[in-house]
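Take a look at the letters that make up each chain.
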Amino acid sequence: MNFDAFWQTHRRFIMGMAGGLVVFFILLAFTGGGAKDRLSRSRISISRASRTMASNNLYAANQVSELKERLSMLQDRNELLAERNLPAFRERFQVPPGGSAAQHYISLTGEMRDELIGWALRRNCEVDDSLGLPPVSPSQPQQIDRVLRGLDVVDRVVHLAVDFGASEVDKIRIAQKRSRRSGRNVSPLDITPITLEVTFARTSIAPFLNALLAEQQAGRPLGLMGLEVLPRNEKRMEQKLLLEFGVGALPAPQEGEDLQ
């Protein structure tokens, strides 16, 4: 076959093929070089990580066992401190399992207004008819739980105040916003403050204060956080006491907190 005739006939095809091969090898050089660089960097990174892990002091099995034992001891200690210092949450104020939190809240608070305020009036003591409850009923289960914990303490304090001769329990407030104590060591507890004002007319406040302390010593804490005795009003023959309580609960363990 005549080469010149073959070239003239297939020149475009041959030049196209040659150009394609040139482009292919150029691209192969670029991509191949990049892959080699990435592979090299990955190997260096793996080698560096291996050396770092080898140089670190990992916990041995006996150390992990000691840490688990220490964690269990601290958890038990937390529960004991909570039992001694956080107000108990009586069953009546808890939402029954499987029950409606909103329905229980409405039913219980209605009963409390009738029972507690009426009982106090028969003992010559006027009680704030709001009982510290928010003007708008909470709708979320956690909010309801928080308010009912506060109402539990209000009920106990009112009974105690009336038993020791209080003439009025006023300005009751159960805060809806959680309070986290600030400082360097922030408490994980979500504390709900309860404030109220107790008035004693022609009666000493000392027995009531002693009773508050006795509740704590008897293992029935009210969560007393602060008190202020106001100057005695000699004209009205009365003395007021401002009280602040705090209710809360230990936070639920978060997933993954336990040492495995």
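For the structure itself, consult the block above.
This structure is a prediction, so every number in the text was calculated from the model and none was measured.

(A) Representation of the overall build of the protein in the model. Regarding its fold elements, the protein presents 5 helices and 5 strands. Start at the N end of the protein and walk to the C end: the helices and strands fall as α-α-α-β-α-β-β-α-β-β. Among the 260 residues that make up the protein, the fraction classed as buried is 28%. Here the contacts in the protein between residues at least 6 apart in sequence split such that 68% fall between residues at least 24 apart. When the accessible surface of the protein is split by element, carbon and sulfur atoms take 54% of a total near 18,000 Å².

(B) Main features of the sheet that holds strand 5 (residues 238-247). If you trace the 5 strands from one edge of the open sheet to the other, you get 1-2-3-5-4, paired in mixed fashion. The sheet terminates laterally at strand 1 (126-127) and strand 4 (224-229), the two strands that pair on one side only. In the sheet, strand 4 pairs with strand 5 via 5 bridges, with the strands oriented antiparallel. Note on strand 5: the bridge partner recorded for V229 is L241. Along the sheet, helix 4 (residues 141-163) contacts strand 1, strand 2 (168-174), strand 3 (192-201) and strand 5; its crossing angle with strand 2, the most-contacted strand, is approximately 165°.

(C) Just the side chain of E215, in detail. Within the secondary structure, E215 sits in helix 5 (residues 206-217). At a separation of 3.2 Å, a polar atom in the side chain of E215 contacts the side chain of R156. The residues contacting E215, other than those within four sequence positions of it, are R156, L160, R220, P221 and L222.

(D) Just the nonpolar core, in detail. Core analysis: the largest hydrophobic core is formed by 42 residues, its most contacted members being V127, F208 and F245. Contributions of two or more residues to this core are made by helix 3 (101-122), helix 4, strand 2, strand 3, helix 5 and strand 5. The element best represented in this core is helix 4, accounting for 11 residues. Here F208 is in contact with V157, L160, A161, F164, F200, L241 and L243, once residues within four sequence places are set aside.

(E) A look at the environment of R123. Its location among the elements puts R123 in the loop between helix 3 and strand 1. Residues R123 and A166 lie 43 residues apart in sequence; the distance between their C-alpha atoms is 9.2 Å.

(F) Representation of the packing of aromatic side chains. This structure, assessed with the given rule, holds 1 aromatic pair. Aromatic side chains F200 and F208 sit 5.5 Å apart centroid to centroid with 45° between the ring planes, which places their arrangement in the tilted category. Of the residues examined, F200 reaches a relative accessible area of 0% and is grouped as buried.

(G) Molecular detail of the pattern of salt bridges. Following the criterion strictly, the structure yields 13 salt bridges and no others. A salt bridge links E197 to K240, with the nearest nitrogen and oxygen atoms 3.5 Å apart. Placement of E197 in strand 3 and of K240 in strand 5 is noted, with a sequence separation of 43 residues between them. Put simply, E238 and K240 hold a salt bridge, and the shortest N to O gap is 3.9 Å. In this structure E238 comes out as buried when scored by relative accessible area, which is 10%. Via salt bridges that share partners, K171, E197, R236, E238 and K240 belong to a single interconnected network.

(H) Local environment of unusual backbone geometry. A positive phi angle, close to 55°, is found at K171, a residue other than glycine. Counting through the fold element by element, K171 comes out in strand 2. A positive phi angle is found at R202, which is not glycine, with a value near 60°. In this fold, R202 is placed in the loop between strand 3 and helix 5. When its relative accessible area of 68% is taken as the criterion, R202 is described as exposed.

(I) Local environment of the packing of helix 3 against helix 4. Running from N to C, helix 3 and helix 4 point in directions that differ by 10°, and their axes come no closer than 11 Å. Our classification of the angle between helix 3 and helix 4 gives roughly parallel. Crossing hand, helix 3 versus helix 4: left-handed. Of the residues in helix 4, those touching helix 3 at A101, A102, H104, Y105, L108, T109, M112, L116, W119 and A120 are P141, I144, V147, L148, L151, D155, V158, H159, V162 and D163.

(J) Representation of helix 3. Taking 1.5 Å of rise per residue, the 22 residues of helix 3 would be expected to cover 32 Å, and the 31 Å separating its terminal C-alpha atoms lies within 8% of that figure. Residues of helix 3 that are buried include every one of A101, H104, Y105, L108, T109, M112, L116, I117 and A120, and no others. A positive backbone phi angle near 65° is found at N124, which sits one or two residues after helix 3.

Criteria and cut-off values
- Residues numbered from 1 in each chain as written.
- Predicted model: local features only at pLDDT ≥ 70, side-chain atom pairs only at ≥ 80, totals over all residues.
- Heavy atoms only, no water.
- Helix = DSSP H or I, 4+ residues; strand = E, 2+ residues; numbered from the N terminus.
- Buried < 20%, exposed > 50% of the residue type's maximum accessible area, 1.4 Å probe, protein only.
- Contact = heavy atoms within 4.5 Å.
- Areas by Shrake-Rupley, 256 points an atom, 1.4 Å probe, with all protein chains shown as cover.
- Pairing = 2+ DSSP bridges.
- Axes fitted to C-alpha atoms, helices over the stretch in contact; angles between N-to-C directions.
- Polar contact = N/O pair within 3.5 Å; in protein donor to acceptor, adjacent residues only side chain to side chain.
- Core = buried A, V, L, I, M, F, W, Y, C linked by side-chain atoms within 4.5 Å.
- Phe/Tyr/Trp six-rings, centres within 6.5 Å; stacked < 30°, edge-to-face > 60°.
- Salt bridge = Lys/Arg side-chain N within 4 Å of Asp/Glu carboxyl O.
- Parallel < 35°, antiparallel > 145°, perpendicular 65-115°, else oblique.
- Left-handed = near helix turned anticlockwise from the far one by under 90°.
- Expected span 1.5 Å × (residues − 1).

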